[in-house]
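Per-entry structural report
For reference, the chains in residue letters:
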Amino acid sequence: MNKPTTAAETRPGINDDIGEALRLRLYGIQFELREAEQRAFDLFLQNLVKGTSHLSLGQEAVAAGFAAAMRPGDLSFCTYRGHAHTLARGVPVEQVLGELMQRDNGLMRGKGGSMHLTSVDHGVMGSYAIIGAHLPIACGAAWRAQYKGQKDVSVCFFGDGTTNIGAFHEALNFAAVWKLPVVFVCENNLYMEYTPIGDVTAVAHPAADRAAAYGLERIMIDGNDADVVYRAAARAYEKARAGQGPSLIECLTYRHSGHSRADPAKYRPEGELEKWKERDPIKIYRQRLVQFGIAEDAIIKIEADVKRRVDEATEKCKVAPMPPPDILTTDVYANGGFAWRN
Amino acid sequence: MAELTYRDAVARGIAQEMARDPDVVFLGEDVAKAGGVFKATVGLLEQFGPIRVRDTPISEQAILGAAMGAAMTGLKPIAEIMFSDFFAVCFDYIANEFGKSRYMTNGQVKCPLVVRTGNGAGSRFGAQHSQSVENWCMMIPGLKVVAPSTPRDVIGLLAAAVRDPDPVIFFEHKSLYPTKGEVPDGEIVDSLGSARIVRPGRDATILALALMVPRAIAAADRLNAEHGIDCEVVDVRSLVPLDTQTILGSVARTHRLFTVEENPRLCGWGAEIVSIVADEAFYDLDGPPVRITTPHIPLPAADILEDLALPNAERIVERVRRSLAS
């Protein structure tokens, strides 16, 4: 299979395997990711988001599709580009924006920051800022499930650039040899950071073309179509739960913004962004809902609800206190403190 | 009570904890079928089966990453990194992941794991298989670091490490594997963060770790017999948590401090202890603290050169004698 699977080939219809309720949910998740991250960008321009941030604008369908196909108890492992995956698991916008704004109401009370969003209660087992580090960690969580006979799946998201670091290859081999219930999701957005992935990779498709090296099926999908993503995710999760081992899925997508807040993305060829914006995942998904005869009112209601929640979260974060000084030295060790001597 | 080698104590310590707690699992390169390259894990596969005792590929990042993911989600993994020198190829987990996850997540993520590793010189393996790298780990917030010197301590400290809720780096000394010691029958559980006075004395305190402990004891015996100098030898055992009370107490009695370190001189653990003593017990001292260390060099392979590099009893005797005479 050299061409990515597309929606047309899977023949969607409103009463198909996904159905209306789930489609509305998929749209709602994607819309929330878009609104929340746009807001994060706006707040950055107002100097209210501190430090760095790495947005997933344009990549929402991947986060929404994989999260929507999960069961409670499934585990997400994310990169520093992890806002979308965190929100998609149901973590409240206020806690995410609060962390980006480094306030006391943030997910980790400002101790982690944008690159380390974690909500164990939601199955978000961390966002990792060292490229590739979390692939072996996801293997370990999957090993625990296998060892204890638990049915949860560990899902590990990363970018195309990760496929060129050693930990990627160690983890893929390890997961395949141990037949672990882990799903590796490569979001190929065409750029490792500033450099086109094709300039620094020996194969055309950084994840899919490597799958065979680990005895895995070559899976490449349209990462801008939430239906396609959802189906690929569901299939991989089913395989993992059935004890059939790992999957590696390359999702073709595109980030609308630069690598991080410092990057205006001037390295992109003229017209590339505009071309991809025609395939904006939220735009095409909204069109599909309309095509399927879903009432405009129902869509507008979802959008209004999301906007209201993002606005409310923003206002709460703006007035939230800064983290108190006394948490500076807490939770270094399990006893809650940081003592290294008696 | 039975006499056991340090090597066999490793297997007994792991077995004690695996028999106690079904969440304890063990992984590493050549640890299962082969029983470990140092034969320190012989019999574990037969006793606990291939689900709990697992051979891995030569993938140190996968080993430590998998241990962390398992620890975060409910297991108590023991991971082996064959030679501590190999920490350099998986240092991300040691330096960036294990000890930071709890803090960064405001206490949400736990990481109760043990990394066992063969540390230290004496095998004539050269610069990439002989290092003492305990100081690489001591400097990282969130980690605990222990290094036993006797078979009994191997079992007791390993049990304490496995039961500890924090990530523990457990340094076994390769040259101690064939050494023997008395070990009580039954379960042995020690505590992390306690040093031990292994030889009481009045005239000087000698702090040592792992292989340097028997060398410090031998030196102390000779200093006493040949020079009438009565040294107290303290086995530091645990670098983090560090038992400063035992160390400061000893210095308060003897008024002299010597550290015997196998790690190369710069930023060795003794430097931190000397700094603490200078800060908090300066007026207890009757003379400058002395650090006896491996020089700031990569380790050579040739036996004659390697023996010159490491502190030995003769060098310790000479430094203590010279220092106390001045």
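Residues numbered from 1 in each chain as written. Chains lettered and ligands numbered in written order. Predicted model: local features only at pLDDT ≥ 70, side-chain atom pairs only at ≥ 80, totals over all residues.

The next thing to look at is the overall build of chain A. From N to C terminus, chain A includes 11 helices and six strands. By the compact-globule yardstick of 20 Å for 342 residues, chain A fits well, its C-alpha radius of gyration being 20 Å. With respect to the three principal axes, the spread of C-alpha positions in chain A is 60 × 50 × 40 Å. Evaluated residue by residue, chain A yields a buried proportion of 54% over its 342 residues. Partitioning the intrachain contacts of chain A with sequence separation of at least 6 by distance along the chain shows that 75% fall at a separation of at least 24. (Helix = DSSP H or I, 4+ residues; strand = E, 2+ residues; numbered from the N terminus. Rg over C-alpha atoms; globule rule 2.2 N^0.38 Å. Buried ≥ 20, exposed ≤ 12 C-beta atoms within 10 Å, placed from the backbone. Contact = placed C-beta atoms within 7 Å.)

Secondary structure summary: chain B contains 12 helices and 14 strands in total. Relative to its length of 326 residues, chain B is compact, with a C-alpha radius of gyration of 19 Å against a globular reference of 20 Å. For chain B, with 326 residues in total, the buried portion stands at 58%. Long-range pairs, those at least 24 residues apart, make up 79% of the contacts in chain B between residues at least 6 apart in sequence.

Attention shifts here to the confidence of the model for chain B. Predicted confidence across chain B gives a mean pLDDT of 98, with 100% of residues reaching 70 or more. Scored as a whole, the predicted complex attains pTM 0.96, and scored at its interfaces, ipTM 0.97. (pLDDT = per-residue confidence, 0-100.)

Below, the discussion takes up the interface of chain A and chain B. The interface is formed by 36 residues belonging to chain A together with 40 residues belonging to chain B. Among the elements that take part in the side of chain A that touches chain B, helix α6 (residues 134-148) of chain A stands out by supplying nine residues, more than any other. Of the residues that constitute the side of chain A that touches chain B, the class distribution is 22 nonpolar, eight polar and six charged. (Nonpolar A, V, L, I, M, F, W, Y, C, P; charged D, E, K, R; others polar.)

Before going further, it helps to spend a moment on the sheet that holds strand β1 (residues 75-79) of chain A. All names here are of chain A. Reading across from one edge, β2-β1-β3-β4-β6-β5 is the order of the six strands in this open sheet, with parallel pairing throughout. Since the sheet does not close on itself, it has two edges, and those belong to β2 (124-128) and β5 (219-222), each with one partner. Each strand axis lies, on average, 20° off the axis of its neighbour in the sheet, ignoring direction. (Pairing = 2+ DSSP bridges. Axes fitted to C-alpha atoms, helices over the stretch in contact; angles between N-to-C directions.)

Residues and elements named next belong to chain B. Domains assigned within chain B are domain 1 (2-183) and domain 2 (196-325). Taken over C-alpha atoms, the centre of domain 1 sits 26 Å from the centre of domain 2. The interface of domain 1 with domain 2 comprises 26 residues on the first partner and 22 residues on the second. For the side of domain 1 that touches domain 2, the secondary structure elements donating two or more residues are α6 (134-138), β6 (144-146), α7 (151-163) and β7 (168-173). Its residues assigned to classes, the side of domain 1 that touches domain 2 comprises 12 nonpolar, 10 polar and four charged. (Domains from an automatic or database assignment.)

This part takes up helix α8 (residues 212-227) of chain B. Structurally, the α-helix is built with 3.6 residues per turn, so residues lying three or four positions apart point the same way. All names here are of chain B. For α8, with 16 residues, the first-to-last C-alpha span of 21 Å sits near the 22 Å given by 1.5 Å per residue. Those residues of α8 that sit buried are Met-212, Val-213, Pro-214, Arg-215, Ala-216, Ile-217, Ala-219, Ala-220 and Leu-223. Turning to α8, the residues buried within the fold contact β9 (196-199), β10 (204-208), β11 (231-235), β13 (257-264) and α12 (313-325). The positive-phi residue at the C-terminal boundary of α8 is Gly-228, with phi of around 65°. (Expected span 1.5 Å × (residues − 1).)

Residue and element names in this part refer to chain A. The two faces of β5 match: Ile-219 and Ile-221 on one face and Met-220 and Asp-222 on the other face are all buried. Pairing geometry for β5 and strand β6 (residues 247-252), over four bridges, is parallel. By the bridge assignment for β6, Met-220 is matched with Glu-250. Of the crossover connections in this fold, the one passing from β5 over helix α8 (residues 226-241) to the parallel β6 is right-handed. (Right-handed = clockwise from strand over helix to strand, strands pointing away.)

Quick look at the sheet that holds β10(B) now. All names here are of chain B. Read from one edge to the other, the open sheet built from five strands follows the order β9-β11-β10-β13-β14, with strand pairing classed as mixed. The sheet is open, and its two borders are formed by β9 and β14 (290-294), each paired with just one other strand. Strand-to-strand twist of the sheet, defined as the mean angle between neighbouring strand axes without regard to direction, takes the value 25°. As paired strands, β10 and β11 are joined by five bridges and run parallel to one another. Considered in β11, the bridge of Ile-206 is made with Val-233. Contacting β10, β13 and β14, helix α10 (residues 269-280) crosses the sheet at an angle of about 155° to β13. The sheet strands contacting α12 are β10, β11, β13 and β14, and the helix crosses β14 at an angle near 160°.

Glancing now at the environment of B:Ala161. Residue and element names in this part refer to chain B. Within the secondary structure layout, Ala-161 lies in helix α7. A count of 29 C-beta atoms within 10 Å places Ala-161 in the buried class. In contact with Ala-161, not counting residues within four places along its chain, are Val-114, Val-146, Val-168, Phe-170 and Leu-192.

So, about the packing of α6(A) against helix α7 (residues 166-178) of chain A. Two measures define how a pair of helices packs: the angle their axes make with one another and the distance between the axes. All names here are of chain A. For the pair α6 and α7, the least separation of the axes is 8 Å and the interaxial angle reads 20°. Taken together, the axes of α6 and α7 lie roughly parallel to each other. The way α6 lies across α7 gives a crossing that is left-handed. In this structure, α6 uses Leu-135, Pro-136, Cys-139, Ala-142 and Trp-143 to contact α7, whose residues at the interface are Ala-167, Phe-168, Glu-170, Ala-171, Phe-174, Ala-175 and Trp-178. For the contact of α6 with α7, a count of residues per class yields 11 nonpolar, no polar and one charged. (Parallel < 35°, antiparallel > 145°, perpendicular 65-115°, else oblique. Left-handed = near helix turned anticlockwise from the far one by under 90°.)

Note that soluble globular proteins tend to have their nonpolar side chains buried in a common cluster. One finds A:Cys139, A:Cys156, A:Val183, A:Val185, A:Val229, B:Ile206 and B:Ala216 to be the most contacted residues of the largest nonpolar core, which totals 201 residues. In this structure, B:Ile206 is in contact with B:Ala216, B:Ala220, B:Cys231, B:Glu232, B:Val233, B:Phe258, B:Val260 and B:Ile316, ignoring residues within four places of it in sequence. (Core = buried A, V, L, I, M, F, W, Y, C linked by C-beta atoms within 7 Å.)

Residues and elements named next belong to chain A. Along the chain, Gly-65 turns up in helix α3 (residues 60-68). The buried category is assigned to Gly-65, around which 28 C-beta atoms lie within 10 Å. Linking Gly-65 and His-122, residues 57 residues apart in sequence, is a C-alpha distance of 16 Å. Apart from residues lying up to four places away in sequence, Gly-65 is in contact with Leu-26, Ala-226, Val-229, Tyr-230 and Ala-233.

Before going further, it helps to examine α8(A). Residue and element names in this part refer to chain A. Taking 1.5 Å per residue, 16 residues should reach 22 Å; α8 reaches 22 Å between its end C-alpha atoms and fits that length. For α8, every residue scored as buried is listed here: Ala-226, Asp-227, Val-228, Val-229, Tyr-230, Arg-231, Ala-232, Ala-233, Ala-236, Tyr-237 and Ala-240. Of the residues trailing α8, Gly-243 is marked for its positive phi of about 80°.

Residues and elements named next belong to chain B. Buried residues dominate β14, accounting for four of its five residues. For β13 and β14, the ladder comprises five bridges, and the chain directions are parallel. The partner of Thr-259 across the bridge, within β14, is Arg-291. In this view, the connection linking β13 to its parallel neighbour β14 by way of α10 has right-handed handedness.

Residue and element names in this part refer to chain A. Two elements in contact, helix α2 (residues 19-45) and α3, have axes whose closest approach is 9 Å; the angle formed by their N-to-C orientations is 135°. As judged from the angle between their axes, α2 and α3 are oblique. Remark: the crossing between α2 and α3 carries right-handed chirality. The residues of α3 that touch α2, namely those facing Leu-22, Arg-25, Leu-26, Ile-29, Gln-30, Leu-33 and Arg-34, are Glu-60, Ala-61, Ala-63, Ala-64, Gly-65, Ala-67 and Ala-68.

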